[in-house]
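# Geometric and topological summary
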Amino acid sequence: MTGRGRARRIAPFTLGALLALGLTSANGIPAQQARSEFTGSCYCRAAGELHCVSDQTEDQCKHRCAQELCDDWFWLERRPCWNWGYGG
């Protein structure tokens, strides 16, 4: 097999691999970093009561809940606080 024939066989695979690598890192921003920049609602349950603060990033929520010694906490991405009842 000549060098030219081998290059013709390898070239499409190499090009495909390079394109696949380029597409997976096209954004250049890791998914976790992009997610942490969204704001949302931060819920903290302490002493049996649930409190919410809006417009918090996930990192801000973690920090806030650690300071307030929350028993349980969760963060809802891109959602406002739900502080009212169902109206029954």
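Residues numbered from 1 in each chain as written. Predicted model: local features only at pLDDT ≥ 70, side-chain atom pairs only at ≥ 80, totals over all residues. Heavy atoms only, no water.

Quick look at the overall build of the chain now. When you go through the chain residue by residue, the secondary structure sums to three helices and three strands. Start at the N end of the chain and walk to the C end: the helices and strands fall as α-α-β-β-α-β. At a minimum sequence separation of 6, the contacts of the chain that also span at least 24 residues come to 50%. Surface exposure of the chain reaches about 7100 Å², of which carbon and sulfur atoms provide 57%. (Helix = DSSP H or I, 4+ residues; strand = E, 2+ residues; numbered from the N terminus. Contact = heavy atoms within 4.5 Å. Areas by Shrake-Rupley, 256 points an atom, 1.4 Å probe, with all protein chains shown as cover.)

So, on to the packing of aromatic side chains. On inspection of all chains with the given rule, the structure shows one aromatic pair. Residues Y43 and F74 carry aromatic rings whose centres are separated by 4.8 Å and whose planes lie at 15° to one another, so their mutual orientation is stacked. Of this pair, Y43 sits in strand β1 (residues 40-46) while F74 sits in strand β3 (residues 72-77), placing them 31 residues apart in sequence. With a relative accessible area of 6%, Y43 lands in the buried category. Exposure remark for F74: the relative accessible area of 31% places this residue in the partly exposed category. One Lys or Arg, R78, reaches over the ring of F38 and ends 4.2 Å from the middle of that ring. (Phe/Tyr/Trp six-rings, centres within 6.5 Å; stacked < 30°, edge-to-face > 60°. Buried < 20%, exposed > 50% of the residue type's maximum accessible area, 1.4 Å probe, protein only. Lys NZ or Arg CZ within 6 Å of the ring centre and 35° of its normal.)

Among the nonpolar cores identified, the biggest contains six residues, and these are C42, C44, C61, C65, C70 and W75. At the level of elements, β1 and α3 (58-67) are the ones that each hand at least two residues to this core. Dropping the residues within four chain positions of it, C42 is found in contact with H51, C52, V53, Q56, C61, R64, C65, F74 and W75. (Core = buried A, V, L, I, M, F, W, Y, C linked by side-chain atoms within 4.5 Å.)

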